[in-house]
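Below are the chains, spelled out letter by letter.
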Amino acid sequence: MRPGVVSSQGRCLSLPYLRIKDQTPTILTKAIDALHRHKSEFFEKHGEVGTEAEKKAISLLSKLRNELQTDKPFLPLTDNCLDADIWNKYLEYHHTLLNENNKKISWFQSPWLYVECYMYRRIHEALVLSSPISYFDVFKESKERNFFESQEAIKTLCSYLQDLKKRIENLDEKQLKDEFLKLFQIVLWGNKCDLALSPNQSIPQTSSPLAVLEDLKPYILVNNLDYLWSLLISRKKMRQETFSITRVDFIMDNAGFELVTDLVMADFLLASKLATEIHFHGKSIPWFVSDTNKNDIYWLIEQLKAANTKCMSECGINWEYYLKHSWIYQDHMFWTLPHEYCTMSQVATDLYAELEKSNLILFKGDLNYRKLVGDRKWDFTVPFHQALNGFHPAPLCSIRTLKTEVQVGLAPGQGEEITDTDPQWMTTGKYGIFQFDGAL
Ligand SMILES: O=P(O)(O)OC[C@@]1(O)O[C@H](CO)[C@@H](O)[C@@H]1O
Ligand SMILES: [Mn+2]
């Protein structure tokens with residue numbers, strides 16, 4: 001491991017420090033603003049009780065912001081949600097760990113991954129404790145804005161997909177592979193559109209997602225797409241003899257443009273018969289500003305259906321149908337716990353067993369990567385398989401643009417070389433990976 005561990009020992013590096021100090025209060029302020037803006041809606045829906053609930057949620061969020069800015073100890077959750085116990089046990093466990101070193105669990109002294117997850121869980125708690133507006137998603141508007149600002153790129157993508165599906169039966173294997181590679185790259189770069197990284201800035205996809213692919217190729221640092229192709233095409237060929245299924249799971253990340261790229265990919269995988277079953281895993285509560293939950297998918301589909309461009313409305317209609325009949329959306333509280341994925345088989349046995357049924361699991365985004373390998377300053381050349389630390393439910397692939405200083409599985413010297421030319425390479429979302437683990 002490189003020096004300066006961001007791990008359960010909790011030594012904060014400058015990047016986490018700056019993100020917690022500058023970004024998280026902004027995220028909280030924006031959440032408070034969103035509640036303010038919906039004041040009259042709460043009143044119309046629930047009368048005075050709605051207004052009181054809004055005030056309560058705002059006061060809880062302001063208190064949370066103050067706790068953060070003054071580095072108060074973490075408080076146990078009090079909302080009685082199903083996961084509250086697990087969270088509180090985790091808090092106690094870290095307490096014991098730090099007590100040995102005479103430290104407290106607090107905002108600037110705790111592992112960064114934990115701090116961030118804790119903040120989003122506390123935002124959820126503030127809403128849960130403010131019935132009847134507990135359902136309110138304080139990040140909804142930001143997610144919707146990303147969708148509207150990416151309209152042109154979404155239109156291009158929908159049109160491309162509709163056209164591709166018309167020709168798909170006539171493509172030979174090489175042509176099909178080219179389309180596969182192209183769409184996966186769109187999925188990768190779609191992950192630039194996350195809203196937690198720079199809360200003051202909207203990051204829509206404005207350029208045509210297809211036109212930029214060639215230019216972006218040099219920024220793919222690990223490209224294991226060939227493994228994914230081999231796995232799926234060989235299963236497709238085998239299926240014709242044995243009639244087995246091919247199940248692909250998406251561990252989703254951001255709503256808006258990135259979500260469109262996921263749905264396009266899923267549609268393509270089924271249309272090309274590279275997969276026969278698609279499972280989507282979303283978040284059950286608002287998470288890291290832009291992460292997808294069930295409402296975001298259905299909202300997106302309604303928008304597409306209502307679009308006055310045919311290719312978009314067709315996608316909306318098709319995807320609604322698939323979600324009723326062949327795509328399976330599921331969420332699990334584990335995705336919004338602070339735990340690294342190597343603990344899944346103990347903490348969420350059911351979810352681990354579910355993922356074991358998959359033939360390929362796609363882990364989208366930066367946060368999933370941090371949880372896959374542990375939020376550590378790994379040596380760049382540590383093998384991915386090793387960093388997964390026993391988490392091997394099925395063949396899996398991380399599809400992620402780099403936004404935090406965590407990266408394994410690079411070639412010797414590769415990381416150092418990029419550092420020389422582009423010192424910020426790990427945190428700007430400019431570089432990406434397709435990193436695969438599993439037997440072929
Ligand atoms: O998982 P995503 O959407 O790709 O990225 C989420 C993210 O921007 O949010 C946090 C910001 O500090 C980091 O975990 C990460 O960089
Ligand atoms: Mn995200």
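Residues numbered from 1 in each chain as written. Chains lettered and ligands numbered in written order. Predicted model: local features only at pLDDT ≥ 70, side-chain atom pairs only at ≥ 80, totals over all residues. Heavy atoms only, no water.

As annotated in an unreviewed UniProt entry, the protein chain carries the name Sugar phosphate phosphatase and comes from Sarcophilus harrisii. As its UniProt record puts it under Sequence similarities (unreviewed entry), the protein chain is described as follows: "Belongs to the damage-control phosphatase family. Sugar phosphate phosphatase III subfamily." (UniProt positions renumbered as here; feature names shortened; annotations may be inferred.)

Engineer: For this particular structure, what's the right way to read unusual backbone geometry?
Structural biologist: Glycine aside, residues mostly have negative phi angles, and peptide bonds mostly take the trans form. Cis geometry marks the peptide bond from Ser-131 to Pro-132, where omega comes out at 10 degrees. Here Pro-132 lies in the loop between α5 (112-128) and α6 (140-149). Residues other than glycine seldom take positive phi values, yet Asn-80 does so here, at roughly 60 degrees. Positionally, Asn-80 belongs in the loop between α3 (48-69) and α4 (84-99). Asn-80 sits in the exposed class, given a relative accessible area of 73%. At Asn-389, a position not held by glycine, the phi torsion is positive, near 55 degrees. (Helix = DSSP H or I, 4+ residues; strand = E, 2+ residues; numbered from the N terminus. Buried < 20%, exposed > 50% of the residue type's maximum accessible area, 1.4 Å probe, protein only.)

Engineer: Explanation requested: the coordination of the manganese ion (ligand 2) in the structure shown.
Structural biologist: Put simply, the ideal angle at a metal is 109.5 degrees for four donors in tetrahedral geometry and 90 or 180 degrees for six donors in octahedral geometry. Looking at the manganese ion (ligand 2), the protein donor atoms are Asp-253 (OD), Asn-254 (OD1) and Asp-291 (OD), and they sit 2.1 to 2.3 Å from it. For Asn-254, a relative accessible area of 0% gives the class buried. (Donors = N, O, S within 2.8 Å, 3.2 Å for Na, K, Ca; no water.)

Engineer: Which parts of the structure should I look at to understand the site of ligand 1?
Structural biologist: Surveying the vicinity of ligand 1 reveals 17 residues, the closest of which are Glu-116, Asp-194, Leu-367, Arg-370 and Lys-403. Here Asn-191 contributes a side-chain N or O atom positioned 3.1 Å from an oxygen atom of ligand 1. A distance of 3.0 Å separates an oxygen atom of ligand 1 from a polar atom in the side chain of Asn-254. In isolation ligand 1 offers 390 Å² of accessible surface; the protein chains occlude 99% of this area. The cavity that encloses ligand 1 is the largest cavity. (Near = heavy atom within 4 Å. Polar contact = N/O pair within 3.5 Å; in protein donor to acceptor, adjacent residues only side chain to side chain. Areas by Shrake-Rupley, 256 points an atom, 1.4 Å probe, with all protein chains shown as cover. 1 Å grid on protein atoms, 1.4 Å probe; cavity = no way out; pocket = protein on both sides within 12 Å on 5 of 7 lines; lining within 4 Å. Sits in = over half its atoms within 2 Å of the grid points.)

Engineer: Which parts of the structure should I look at to understand the layout of surface pockets?
Structural biologist: Empty space among the atoms becomes visible once a probe the size of a water molecule is rolled across them. Of the volumes computed, that of the largest pocket is approximately 470 Å³. As for the largest pocket, its lining consists of 27 residues, of which Tyr-135, Phe-136, Asp-137, Lys-140 and Asn-295 are closest to the centre. Where the lining of the largest pocket is concerned, the elements lending two or more residues are α2 (39-46), α5, α6 and α12 (294-306). In terms of residue class, the lining of the largest pocket is made up of 11 nonpolar, six polar and 10 charged. Inspection of the lining of the largest pocket shows a minimum of three residues originating in each of domain 1 (15-129) and domain 2 (140-437). (Points joined across faces, edges and corners; volume = space filled by probe spheres on them. Nonpolar A, V, L, I, M, F, W, Y, C, P; charged D, E, K, R; others polar. Domains from an automatic or database assignment.)

Engineer: Hey, could you run me through the sheet that holds strand β7 (residues 432-437) in this one?
Structural biologist: In a beta sheet, neighbouring strands are held together by backbone hydrogen bonds and run either parallel or antiparallel to one another. With mixed pairing, the seven strands of this open sheet are ordered in space as β1-β7-β6-β5-β2-β3-β4. The open sheet terminates on both sides in strands that have one partner only, identified here as β1 (220-223) and β4 (327-331). Each strand of the sheet is rotated relative to its neighbour by a mean of 15 degrees, with strand direction disregarded. (Pairing = 2+ DSSP bridges. Axes fitted to C-alpha atoms, helices over the stretch in contact; angles between N-to-C directions.)

Engineer: Would you take a moment to explain the nonpolar core for this structure?
Structural biologist: If you look at soluble globular proteins, the nonpolar side chains tend to sit buried side by side. In this structure, Leu-35, Tyr-120, Met-344 and Phe-391 are the most contacted members of the largest nonpolar core, which totals 82 residues. Residue contributions to this core reach at least three from each of two domains, namely domain 1 (15-129) and domain 2 (140-437). Here Tyr-120 is in contact with Ile-27, Phe-139, Ala-196, Trp-287, Phe-288 and Val-289, once residues within four sequence places are set aside. Ranked by size, the runner-up nonpolar core spans 64 residues in total, among them Ile-186, Leu-231, Leu-269 and Leu-360. (Core = buried A, V, L, I, M, F, W, Y, C linked by side-chain atoms within 4.5 Å. Contact = heavy atoms within 4.5 Å.)

Engineer: How should I be thinking about the pattern of salt bridges in this particular structure?
Structural biologist: Per the counting criterion, the structure on display carries 36 salt bridges. Among the salt bridges present, the one from Asp-22 reaches Lys-21, with a minimum N-O distance of 3.0 Å. Its relative accessible area of 42% is what places Asp-22 among the partly exposed residues. We classify Lys-21 as partly exposed; its relative accessible area is 38%. (Salt bridge = Lys/Arg side-chain N within 4 Å of Asp/Glu carboxyl O.)

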